[in-house]
Amino acid sequence: MKAFTQLNGLVCPLDRANVDTDAIIPKQFLKSIKRSGFGPFLFDEWRYTDHGEPDMDCSHRPLNKDFVLNQLRYKNSEVLLARDNFGCGSSREHAPWAIEDYGFRVIIAPSFADIFFSNCFKNGILPIVASADIVAQLFRECFATPGYRLRVDLETQTVRNPAGEWFRFDITPHRKHCLMNGLDEIGLTLQHADAIKAFEQKHRAAQPWLFN
Amino acid sequence: MAGKTLYDKLWESHVVREESDGTCLLYIDRHLLHEVTSPQAFEGMRLSGRKPWRNTSMVAVPDHNTPTNDWDKGIQDPVSRLQVETLDANIKEFGALVYFPFKHANQGIIHVIGPENGTTLPGMTVVCGDSHTSTHGAFGALAHGIGTSEVEHVLATQTLIAKKSRRMLVRIDGQVGKGVTAKDLALAVIGKIGTAGGTGCAIEFSGSAISALSMEGRMTVCNMAIEAGARAGLIAPDEKTAAYLKGRTYAPKGADWDKAVAYWNTLKTDADAVFDSVVELKADEIFPQVTWGTSPEQVLAISDRVPNPAKEADPVKRAGIERALTYMGLTADMPIESIRIDKVFIGSCTNSRIEDLRAAAKIAQGKKKAANVNQVLIVPGSGVVKRQAEAEGLDKIFIAAGFEWREPGCSMCLAMNADRLPAGERCASTSNRNFEGRQGPGGRTHLVSPEMAAAAAIAGHFVDVRTLL
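The structure contained in this document is the topic of the report that follows. Note that the coordinates shown come from a computational prediction; the quantities given were computed from them, not determined experimentally. (Residues numbered from 1 in each chain as written. Chains lettered and ligands numbered in written order. Predicted model: local features only at pLDDT ≥ 70, side-chain atom pairs only at ≥ 80, totals over all residues. Heavy atoms only, no water.)

**Quick word on the overall build of chain B**
Stage number 1. A count of helical and extended segments in chain B gives 15 helices and 19 strands.
Stage number 2. Here chain B has a C-alpha radius of gyration of 21 Å; the compact-globule value for 469 residues is 23 Å, and the two agree.
Stage number 3. Projecting the C-alpha coordinates of chain B onto the three principal axes gives extents of approximately 55 × 55 × 45 Å.
Stage number 4. The buried share among the 469 residues of chain B stands at 66%.
Stage number 5. Across chain B, the fraction of contacts at a sequence separation of at least 24, relative to all contacts at a separation of at least 6, is 76%.
Stage number 6. Summed over all atoms, the accessible surface of chain B reaches about 15300 Å², with 52% contributed by carbon and sulfur.
Stage number 7. Positive and negative side-chain charges of chain B, numbering 52 and 54 respectively, have mean locations separated by a distance of 2 Å. (Helix = DSSP H or I, 4+ residues; strand = E, 2+ residues; numbered from the N terminus. Rg over C-alpha atoms; globule rule 2.2 N^0.38 Å. Buried < 20%, exposed > 50% of the residue type's maximum accessible area, 1.4 Å probe, protein only. Contact = heavy atoms within 4.5 Å. Areas by Shrake-Rupley, 256 points an atom, 1.4 Å probe, with all protein chains shown as cover. Lys, Arg positive; Asp, Glu negative; His and termini not counted. Charge placed at Lys NZ, Arg CZ, Asp CG, Glu CD.)

Right under this line is the structure:
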């Protein structure tokens, strides 16, 4: 996993609530057995006017000019600004794979769906929960200011706008540690293999039928 | 000190260790796998040279990509075929307790198969790379969906890194009216609390209307917990749970059975336990539900009218309603009953069990599908459900009504196989998500119960199933 420490990134505003993972990456792309190459198909049905299929060359596909990702001013953005309940629906990790592969490293929203939220941390993406008022302000500033950037710092857990105003966000120490160091969680967990074995033995003695 | 909720008990009995910030290592008893969310996890295991911690915890089946007709022709789509064959190869290499490959007599949807084989039991932790894993909470198991990185983590360590959720109680008391099903209860809850209403929570469902449900009905309710934003739904096990499980292949036997049932009887919320939030609904105020929009919370009773965005004050919500009406091709204030449909889908991990098929057959018996309905797909949840339905003659009823009797699988719930909705077509569906493009790009989905879906197939538009009973 790529480490994440800080970023001064161009912001892309996706102004709709309840964006589901079917919209983030439609089902036909889930047939892949790889975990890379999903970026060109991010938001496929909103982004293109034709029907996308896996392994398609997207460079000549007809674009939906109205969709925010296709607007020149948001090209190469790295911070996705979103509304409530972002990432709801299916647990598909292909959604954060597509977001990361496209180039986003930070998502800011008033709320996220649980499974999507935890999937982000496994893929070097920092999802930030901000209050509804702050998110509303960021949307206003972003629409009003071409080239609008936000400075995100994981060490100090802060987000700073161009005017120098800032807010602090929460993250668990465990997630922060893993993200800052790009750590493989499996390796960390296996350091506790003895504790897992001891638990398993006790569990098996109490409920042997679970191990049939 | 306050007592414990069912969720507290399940959580605490699986904590291997806890960090100071509350992050826990949670032991996983049952790991369910399907072909879509597992290949990258197995690939990760292979690259790191790791072996599964306990492969007898694994139950696997291909379900999303498998066709529901012409099984003799195999899987036509080469990309789908490769994904299914990859699961075959991975299970061959890494092992599993149960594996039903494509065309096996017991193949079907993972969330139907788990309980059917007794591989889902009360008191277990159950995970799967699939958000509808919440289904298994109907047995008093702590069950939820995980991402593919977590699938690999569970394969390698038999644990999950997790933090405890908040505890929400949804209590539904009273008796439901005729024609009102578990699906209607679930949709009514989502309509009330919204698709983010349960975010960060594990929802326990209780009350006399929940206790009165069959195990199939309870699975439908817990299945839809994720559509209310809750990773896990829970219902305390009772005598119905034990009766359902007794004699199933992997259910405990002999002395273990008695010991297990005694333990399961302790798996209930203590009388003095406290929830972080409580939502109450009255069963007799819930009527057959139909979604009108592109989110499961956009749901109304059959007797209602499509909402008018002009009446919504919140600008984000108003824009959401307008966008949904445009996508769905509906006009504000039109009666739900006047919405004409093109297709019907009865199936999915929400509503493809034997009870669902019986309910649909009861409505379809002796009738024919309406001329404007171009296809009615009946897709049983598993080979076991299919054979049971055929033994009861349900397939004959469906075929006589002009419905198509298919092979088991996920089918048009998410349209990864060839069963899909063409752009602009409108479907009455017993599945769980009405998102844009879910059943096919441009397709329009209305979520309903099996009874309401069958009734719509006969009438050609939505009808109040209560008038037919």
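**Some words on the interface of chain A and chain B**
Stage number 1. Counting residues at the interface gives 58 residues for chain A and 75 residues for chain B.
Stage number 2. Between chain A and chain B, the buried area comes to about 5500 Å², and carbon and sulfur atoms account for 58% of it.
Stage number 3. Across the chain A-chain B interface, the total number found is six salt bridges.
Stage number 4. The partner of Asp184(A) in a salt bridge is Arg50(B), with the nearest N and O atoms 3.5 Å apart. (Buried area = accessible area lost by both parts, 1.4 Å probe. Salt bridge = Lys/Arg side-chain N within 4 Å of Asp/Glu carboxyl O.)

**What about the packing of aromatic side chains?**
Stage number 1. A complete count under the given rule lists 20 aromatic pairs over all chains for this structure.
Stage number 2. With a centroid separation of 6.3 Å and 85 degrees between ring planes, the pair formed by Phe86(A) and Phe112(A) is classed as edge-to-face. Separated by 26 residues along the polypeptide, Phe86(A) in the loop between strand 2 (79-81) and helix 3 (94-102) and Phe112(A) in the loop between strand 3 (106-109) and helix 4 (114-121) bring together distant segments of the chain.
Stage number 3. According to the relative accessible area criterion, Phe112(A) is buried, its value standing at 4%.
Stage number 4. Among the aromatic residues, those joined into a ring-pair cluster are Phe86(A), Phe112(A), Phe116(A), Phe117(A) and Phe121(A).
Stage number 5. Lying over the aromatic face of Tyr48(A), Arg61(A) brings its terminal NZ or CZ to 3.8 Å of the ring centre.
Stage number 6. Across the ring face of Tyr244(B), the terminal group of Arg248(B) is positioned such that the distance to the ring centre comes to 3.9 Å. (Phe/Tyr/Trp six-rings, centres within 6.5 Å; stacked < 30°, edge-to-face > 60°. Lys NZ or Arg CZ within 6 Å of the ring centre and 35° of its normal.)

**Here we look at the sheet that holds strand 3 of chain A**
Hydrogen bonds along the backbone pair up the strands of a sheet, which may run parallel or antiparallel.
Residues and elements named next belong to chain A.
Stage number 1. An order of 4-3-2-1-5-6-7 is seen for the seven strands of this open sheet, with the pairing classed as mixed. Of all strands in the sheet, those with a lone pairing partner are strand 4 (126-129) and strand 7 (166-168), marking the two edges. Direction aside, neighbouring strands of the sheet carry axes that sit 25 degrees apart on average.
Stage number 2. Here three bridges tie strand 1 (residues 6-13) to strand 2, and the two strands are oriented parallel to one another. Bridge pairing in strand 2 links Val-11 to Val-79. (Pairing = 2+ DSSP bridges. Axes fitted to C-alpha atoms, helices over the stretch in contact; angles between N-to-C directions.)

**A closer look at unusual backbone geometry**
Stage number 1. The phi torsion at Asp55(A) lies on the positive side, around 70 degrees, for a residue other than glycine.
Stage number 2. In the Ramachandran plot, Asp333(B) falls in the positive-phi region, its phi being about 75 degrees despite a non-glycine side chain.
Stage number 3. Within the secondary structure, Asp333(B) is located in the loop between helix 11 (315-328) and strand 15 (343-346).

**A closer look at helix 3 (residues 78-94) of chain B**
Residues and elements named next belong to chain B.
Stage number 1. With 17 residues, helix 3 extends 24 Å from end C-alpha to end C-alpha; this agrees with the ideal 24 Å at 1.5 Å per step.
Stage number 2. Within the span of helix 3, buried status applies to Ser-80, Gln-83, Val-84, Thr-86, Leu-87, Asn-90, Ile-91 and Phe-94. Buried residues of helix 3, viewed axially, fall in a sector of 150 degrees; they line one side. For helix 3, the exposed residues set more than 90 degrees away from the buried face come down to Pro-78 and Lys-92.
Stage number 3. As for helix 3, its buried residues are in contact with helix 2 (39-48), strand 4 (58-60) and strand 5 (98-99).
Stage number 4. You can read the cap of helix 3 off the contacts: a side-chain oxygen lies 2.9 Å from the backbone nitrogen of Val-79, and it is on Asp-77.
Stage number 5. Immediately downstream of helix 3, the backbone of Gly-95 shows phi near 85 degrees, a positive value. (Expected span 1.5 Å × (residues − 1). Arc of directions from axis to C-beta. Polar contact = N/O pair within 3.5 Å; in protein donor to acceptor, adjacent residues only side chain to side chain.)

**Regarding the side chain of His203(A)**
Stage number 1. As for its placement among the helices and strands, His203(A) is situated in helix 8 (residues 193-206).
Stage number 2. On the accessibility criterion, His203(A) (6% relative accessible area) is buried.
Stage number 3. In contact with His203(A), other than residues within four places in its own chain, are Leu210(A), Phe211(A), Ser13(B), His14(B), Tyr27(B) and Asp29(B).

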